[in-house]
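Here is what each chain is made of, one letter per residue.
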Amino acid sequence: MSKRRNPFEAPEPVPSVAIPPGIYDSLRVAAPRKRDRRWEKQHQSHKAVYRGVDPKLALKVKAIAGDLLVPEGEVARAVIEYALHAYAQGNLDLHPRPNPYRMRMTLFPSPDSTRSYDSPVKPAKRKQTQALWRVITTWRGFPPELKRELAALASDDGLNVPVGELITALLRFGLKAYDNGLLALEPVQKRTTFTLAQEGIQ
């Protein structure tokens, strides 16, 4: 008869087997450091976020910035300031018109806004207007004074138009002037770092 094990006794020790390290353990890197966001917080006022800017014009600003090796926000600023100066001089005409789809005025009335009600409805134009409203454009290095000036001009006391439409009109005018050579954008090299001179080398 075999001897039965007492269930209340401590179990016999099992020899421990060394587990080899995994192949990925040696490749494991330290946890990524948390990014320091102090600079972004200090310069938050120099970030411009606009809804409804024509994406083709925003891409053109980006292309010019890439060619000149300067930030996009600086190109947008130069183009918009040029157009605002032309508006102040009376060389740019911004006349808002009633928009049948919104309470605010518009700088770009659709061709079918003055149509008679007998003609067929063009739903594609309405979809394009909605899609343009969803586009968000962001620029960094945009001065807060310029943002305030644009907001005031687009407000109810100003032209009473969406700020995205205003920026689109200003970009269109300024970029056309750039293409025609009336607006010159000249990049200037900006020195941001210094190096130590080695002894004996001048």
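This one's a predicted model, so the numbers in the text were calculated from it and none came from an experiment. Residue numbers restart at each chain and count upward from 1, following the sequence in its written direction. In view of the model being predicted, local features appear only for residues whose pLDDT reaches at least 70, and side-chain atom pairs are presented and counted only at 80 or more, with totals across whole chains, interfaces and linings using the full set of residues. Note that water and hydrogens are dropped before the side-chain values are worked out from all heavy atoms of the structure.

1. Here's the deal with the pairing of strand β4 (residues 136-140)
Relative accessibility under 20% of the residue-type maximum defines a buried residue, over 50% an exposed one, and the middle range a partly exposed one, all with a 1.4 Å probe and only protein chains included. Put simply, DSSP marks the helices as runs of H or I at least four residues long and the strands as runs of E at least two long, and each gets a number from the N terminus on. A one-sided burial pattern is seen for β4, the buried positions being Thr137 and Trp139 and the unburied ones Ile136, Thr138 and Arg140. By the convention used here, strands pair only if DSSP detects at least 2 bridges between them. Here strand β1 (residues 47-51) pairs with β4 via five bridges, running antiparallel. Paired with lysine 47 across the strands is arginine 140, a residue of β4.

2. Re the pattern of salt bridges
In the sections that follow, a salt bridge refers to a side-chain nitrogen of Lys or Arg positioned within 4 Å of a carboxyl oxygen of Asp or Glu. Tallied over the entire structure, the rule returns three salt bridges. Among the salt bridges present, the one from aspartate 54 reaches arginine 172, with a minimum N-O distance of 3.4 Å. Of this pair, aspartate 54 sits in the loop between β1 and α2 (55-68) while arginine 172 sits in helix α6 (residues 163-179); the two residues are 118 residues apart in sequence, bridging distant segments of the chain. Using a relative accessible area of 39% as the deciding quantity, one classes arginine 172 as partly exposed. Between arginine 77 and glutamate 81 there is a salt bridge, with the nearest N and O atoms lying 3.2 Å from each other. On the criterion of helical spacing, the pair formed by arginine 77 and glutamate 81 is a turn pair, its members being four residues apart in helix α3 (residues 72-89).

3. Section: the environment of glycine 158
With respect to the secondary-structure elements, glycine 158 resides in the loop between α5 (144-154) and α6. On the accessibility criterion, glycine 158 (37% relative accessible area) is partly exposed.

4. Structural notes on the packing of aromatic side chains
Stacked, tilted and edge-to-face are the three classes applied to pairs of Phe, Tyr and Trp rings, where Trp contributes its six-membered ring and a pair requires centres within 6.5 Å; stacked means planes under 30 degrees apart, edge-to-face means over 60, and tilted covers the rest. Under the defined criterion, the tally for this structure stands at four aromatic pairs. Through a chain of ring-to-ring contacts, the aromatic side chains of Tyr50, Trp139 and Phe142 assemble into a single cluster.

Structural measurements only, silent on function.
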